[in-house]
Amino acid sequence: MIYTPRSHHSHLTKMMRNSKMYEQLFDLIDDFTKSKTGRLIKRKSLLDDLEASIQPSGKNFSVTFDWDRRIKGGKQLDVGQHYKKVELQFKDQSYILSELFLGTHSPPQFTGQTSFLYTKGYSFKKKFYYRLLIPLERELRYHYILGTRSSEINGDSLIFRIIQNDKKKYFLIIESEFKQSYDEFSEKTFALKNALGYLTGYLAGNGGYFFAYTKKKMEAPAHIYRCEFRNTIISGYAPLNSNPYSYLHSNKKLAKKYYDKKLLRTINQDEFSLLCQRLYDSVELSSAIILMLESSVASLLFMPGGYAIVLETLADIIKPKKKQKVAPMTKSLSKKVRQECSAVIEKYKNEFSKDNHQALLDRISWLNQATNKAKLRAPFDYLKIDLLEEDLDILQARNDFLHGRVPDMTKGGEVRSLDRQNKDLYYASVRFYTLLNILILKWIGYDNRVVNYPKINEAFTEIKLKEEPYRQI
């Protein structure tokens, strides 16, 4: 099954007609995942002209060969050694292993690991037309989340789609009609992949195949580059969903209201492009999105703390050009207060040790520092996002999350059961997650509703809320 963007209908129709093209790519990927035997070629090294086999090993590939030092004049090969740009030669093709690390030795056999390999003659600097295929662990669904199948980054319109081959395996495919270097294309696909991961809760990973073409029609690849990605992340959370029945299983009357009044919508192309562009432009934002995804599959002890760190990062990114006033006092008042406090400390100087005296003076210098709550609230104020009292309570509890403490969301006191503590942690996590989504989506121009996870999960958390299941941004 192939899902196509309307804006590129004619282009993709042409592509779909050429089914042999996709079959060829799938066959090439299958060939990568089969065990093969060839010869290692590394001139003027101990690895030159050795028979070796290569086979998949997790996200990497294992390269195995026998070693007899008598053949190499008594020289010794050891584990822990790295060899760069080792050629693995087969009858009809040669691949370059970017790096081969020798990890194990069971005489007479050595086994090395490699993660990045490409066809001989490929150049990362030369410009090609590119297509990236990422094998998926399962189908990546985005029908009720995204209303587009393309994104524009730096003027380049990238098309993406999910394809299922005849072996029932799914692939994420990203391509461009713009001729460019590997670095240019890979950075764009990295941004698009992260944006798609954030919006769907499914970050495609493990490994991908870059197919480089010399002609715009992209009929037969000139080269292949297989590289490793970070691990796939599949969480049960997505910031929005235009199908109200997806979450309101037990309240079909309310779901019908949302559906009939068309109160929910997907992300459009302009919004998705802006998200991708901002991820492309900012390493910090990309890292925050990855941490957000990782936190969504972390344990309850780490989940809210991870979200708190993401919000701190976003507070440094989503802000006006002119610095906001978040400090408790004006500069002039702060100066007076610090001077008077310092005078008091000096008056009782003899009552303190030298170290404690300096420590107190140092603390006075931080008197006008903005509170953590004020810093975390600043990006919401900047985007004119109204926060509920429950939201402010979560921001106030930020230190608890970061120091491994469990905030008391129901005022149960120290006698809370472990089950109650876990439910408090989960409530705090989904409240934080919802706030992050409101902030990010408002920042890219989305003006509809996000899934209100604290409300959706109130039966589990046992924290009843007078809120809607979908929260207007």
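Cut-offs used in this document
- Residues numbered from 1 in each chain as written.
- Predicted model: local features only at pLDDT ≥ 70, side-chain atom pairs only at ≥ 80, totals over all residues.
- Heavy atoms only, no water.
- Helix = DSSP H or I, 4+ residues; strand = E, 2+ residues; numbered from the N terminus.
- Buried < 20%, exposed > 50% of the residue type's maximum accessible area, 1.4 Å probe, protein only.
- Contact = heavy atoms within 4.5 Å.
- Lys, Arg positive; Asp, Glu negative; His and termini not counted.
- Charge placed at Lys NZ, Arg CZ, Asp CG, Glu CD.
- Salt bridge = Lys/Arg side-chain N within 4 Å of Asp/Glu carboxyl O.
- Pairing = 2+ DSSP bridges.
- Patch = residues over 30% accessible without salt bridge, like charges linked within 9 Å, V, L, I, M, F, W, Y side chains within 5 Å.
- Areas by Shrake-Rupley, 256 points an atom, 1.4 Å probe, with all protein chains shown as cover.
- Axes fitted to C-alpha atoms, helices over the stretch in contact; angles between N-to-C directions.
- Left-handed = near helix turned anticlockwise from the far one by under 90°.
- Expected span 1.5 Å × (residues − 1).

### Description of the overall build of the protein chain
Then, number 1: Along its length, the protein chain carries 15 helices and 17 strands.
Then, number 2: Oriented by its inertia axes, the alpha-carbon framework of the protein chain measures out at about 80 × 70 × 45 Å.
Then, number 3: Within the protein chain, buried positions represent 49% of all 473 residues.
Then, number 4: Taking contacts inside the protein chain between residues at least 6 apart in sequence as the whole, the part at least 24 apart equals 65%.
Then, number 5: Put simply, the protein chain has 76 plus and 54 minus side-chain charges, and the middle of one group is 4 Å from the middle of the other.

### Let's talk about the pattern of salt bridges
Then, number 1: This model, assessed by the stated rule, comprises 25 salt bridges.
Then, number 2: Glu175 is the salt-bridge partner of Arg131, the closest N and O atoms lying 2.7 Å from each other. In this pair, Arg131 is assigned in strand E8 (residues 129-135) and Glu175 in strand E11 (residues 170-176), connecting sequence segments 44 residues apart. Here Arg131 matches Glu175 in class, with each residue buried.
Then, number 3: A salt bridge links Asp391 to Arg431, with the nearest nitrogen and oxygen atoms 3.1 Å apart. Of this pair, Asp391 sits in helix H11 (residues 389-396) while Arg431 is found in helix H13 (residues 418-443), placing the two residues 40 residues apart along the sequence.
Then, number 4: Exposure remark for Asp391: the relative accessible area of 0% places this residue in the buried category.
Then, number 5: Among the residues examined, Arg431 registers a relative accessible area of 0% and is labelled buried.

### As for unusual backbone geometry
Then, number 1: Of note, the bond from Pro107 into Pro108 is cis; its omega dihedral lies within 30 degrees of zero at 5°.
Then, number 2: Checked against the element boundaries, Pro108 lands in the loop between strand E5 (94-106) and strand E6 (109-114).
Then, number 3: The backbone of Met218 shows a phi angle near 50°, a positive value even though the residue is not glycine.
Then, number 4: In this fold, Met218 is placed in the loop between strand E13 (207-213) and strand E14 (223-228).
Then, number 5: Assessed through its relative accessible area of 0%, Met218 is described here as buried.
Then, number 6: With a phi close to 60°, Lys384 is a non-glycine residue in the positive phi region.

### A closer look at the pairing of strand E4 (residues 82-89)
Then, number 1: Relative to E4, strand E1 (residues 36-41) runs antiparallel, the two being bridged by three bridges. Bridging from a neighbouring strand, Leu40 pairs with Leu88 of E4.
Then, number 2: In the sheet, E4 pairs with E5 via seven bridges, with the strands oriented antiparallel. Along E5, the bridge assignment pairs Val86 with Leu97.
Then, number 3: Where E4 folds back on E5, the antiparallel hairpin that results is connected by four residues.

### Some remarks on the environment of Arg405
Then, number 1: Topologically, Arg405 is positioned in the loop between helix H12 (398-402) and H13.
Then, number 2: The partly exposed category is assigned to Arg405, whose relative accessible area is 43%.
Then, number 3: Arg405 sits 104 residues away from Leu301 along the chain, and the two C-alpha atoms are 8.6 Å apart.
Then, number 4: Excluding residues within four positions of it along the chain, Arg405 makes contact with Asn399 and Asp400.

### Details of a nonpolar patch on the surface
Then, number 1: On the surface, Val344, Tyr348 and Phe352 cluster together to form a nonpolar patch covering roughly 260 Å² of accessible area.
Then, number 2: Checked against the element boundaries, Phe352 lands in the loop between helix H8 (331-347) and helix H9 (354-364).

### Thoughts on the packing of helix H3 (residues 182-200) against helix H6 (residues 283-296)
The description of two packed helices rests on the angle between their axes and on the distance between the axes.
Then, number 1: Contact geometry of H3 with H6 gives a least axis separation of 10 Å together with a crossing angle of 35°. The handedness of the crossing between H3 and H6 is left-handed. Between H3 and H6, the residues in contact are Phe190, Asn194, Gly197 and Tyr198 and Ser286, Ile289, Ile290, Met292 and Leu293, respectively.

### Let's talk about a negative patch on the surface
Then, number 1: On the surface, Glu23, Asp27, Asp31, Asp92 and Asp166 cluster together to form a negatively charged patch.
Then, number 2: For Asp92, the location among the structural elements is in the loop between E4 and E5.
Then, number 3: Look at Asp92 and you get exposed, because its relative accessible area is 71%.

### Describing H13
Then, number 1: A rise of 1.5 Å per residue sets the reference length of H13, with its 26 residues, at 38 Å; its end C-alpha atoms lie 38 Å apart and thus fit the reference within 8%.
Then, number 2: With 21 of 26 residues buried, H13 is to be regarded as a mostly interior element.
Then, number 3: Gly445 sits one or two residues past H13 and shows a positive phi near 95°.

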